[in-house]
Each structure stands twice: as C-alpha cells, then as structure tokens.
Amino acid sequence: AGVIVQPFRGVNQFSDHEGGDISEMVLEAVLLLARGTVGIMFDNDAPQASPPTFEQKTINRFVETATSQGLQVVRLGLNRPDIVTYLSPNAIKEGLDWDLIIEAYRRAGRSSFKDWLWETNRIDLRYTARLEGVLARMREARLPFEPELVRKIKGFSAAVTEADI
C-alpha cells in the first residue's frame, strides 16, 4: 500500500472552468493513480455555509464523479476560508489574530480571501514567494502551524492510510 500526494493550487484546478464539470484530465489522473481510495484535503469547508461554498460544490462534484467510478473518497475539509490562515500569524505580522481576521472577512461576504486580506489589511499572501518567506520565518523561529491543521492532518493521514489503497 502507498500514498501518492498530488498538490493543487485551489479547487478551481478540479473544474473545467466552463460548466463547472470535473476536469477529465484530473479524473483520469486520479483513476490511473488510485487503487480504491482517494484522500482529498481542501479549505473553505465552512459547516455553516449556506449556500455551499465554491470549494464545497466543486469537491462534492468530484466525490460524486469519483465514487461513480468505484473509488472511495476520504475528505478533509478545513473550516477556515483559506489555507494561509493555518500559517503562524506571528510569522506574518506581529499581533495578527486569525480569528478576528476571519470574522471580518466572513462579515464582508467576499469570495477571494487573499485579495480581501491585501485590500483591507495590507497583508499580501497572494504569491508563492511571499508564502515561501512566511514558511522560512516559521522554520527559523520554530513557529508551529495552527493546531487545528495539525490535528486534522493527523486524522486525515490515519483515515487514508487505514483505507484500502
């Protein structure tokens, strides 16, 4: 048994950008690599979201498509609006409080968290180089990721590892 990790930069890579259908290329790759079970982790899986978030809709379509092809799917939905909110706030800006930022973002009703974060707080996490800088500061100062992310990844890893892959 083994696990293959395929990173994506957002769930928009799962869709064909036209009708919102699951990209045939992604599904074919998953079917080729998977041996019965696929684990998928994504952000913006807010349980109270009504209507469902774009991420939830896209992942739901992927799960339906994959299960119709005989795959088991283990989902790990992260509640926060963007994966960057699991980075150590102290590596980004002194005194940054993700809970307050997320609350203000949800009140604003915007769709792009990183754009909103830049426009309202002048915190720019929109580009890979900026994220690499934050990760480097986290490593240097031995700053942890947010505990929720660590806990969920451990549970996700256990679920995927125990599955028939």
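Reading the values: rules and limits
- Residues numbered from 1 in each chain as written.
- Predicted model: local features only at pLDDT ≥ 70, side-chain atom pairs only at ≥ 80, totals over all residues.
- Heavy atoms only, no water.
- Helix = DSSP H or I, 4+ residues; strand = E, 2+ residues; numbered from the N terminus.
- Polar contact = N/O pair within 3.5 Å; in protein donor to acceptor, adjacent residues only side chain to side chain.
- Contact = heavy atoms within 4.5 Å.
- Core = buried A, V, L, I, M, F, W, Y, C linked by side-chain atoms within 4.5 Å.
- Buried < 20%, exposed > 50% of the residue type's maximum accessible area, 1.4 Å probe, protein only.
- Expected span 1.5 Å × (residues − 1).

K.L.:
With reference to specific residues and values, describe the environment of Gln72.
P.N.:
As for its placement among the helices and strands, Gln72 is situated in strand 2 (residues 72–77). Here the alpha-carbon distance between Gln72 and Gly39, two residues 33 residues apart in the chain, equals 8.4 Å.

K.L.:
So what's going on with the side chain of Thr85? Which residues, and what values?
P.N.:
Looking at where Thr85 falls in the secondary structure, it is placed in the loop between strand 2 and helix 3 (98–108). A distance of 2.6 Å separates a polar side-chain atom of Thr85 from the backbone oxygen of Asp82. Setting aside anything within four residues of it in sequence, one finds Thr85 in contact with Arg80, Trp98, Ile102, Phe113 and Glu146.

K.L.:
I'd like a rundown of the nonpolar core, residues and numbers included.
P.N.:
If you look at the biggest cluster of nonpolar residues, it comprises 16 residues, and the most contacted ones within it are Ile92, Trp98, Ile101, Phe113, Leu117, Leu125 and Val134. Among the elements that line this core, the one with the most residues is helix 3, at four residues. Not counting chain neighbours up to four residues away, the residues in contact with Phe113 comprise Pro81, Asp82, Val84, Thr85, Trp98, Ile101 and Tyr105. Counting nine residues, the second-largest nonpolar core is a separate cluster that includes Ile40, Ile59, Leu71 and Val73.

K.L.:
Any details on helix 5 (residues 128–141)? Residues and values, ideally.
P.N.:
Compared with the 20 Å implied by 1.5 Å per residue over 14 residues, the 20 Å span of helix 5 between its first and last C-alpha is a close match. Count one or two residues on from helix 5 and you reach Arg142, which has phi positive near 55°.

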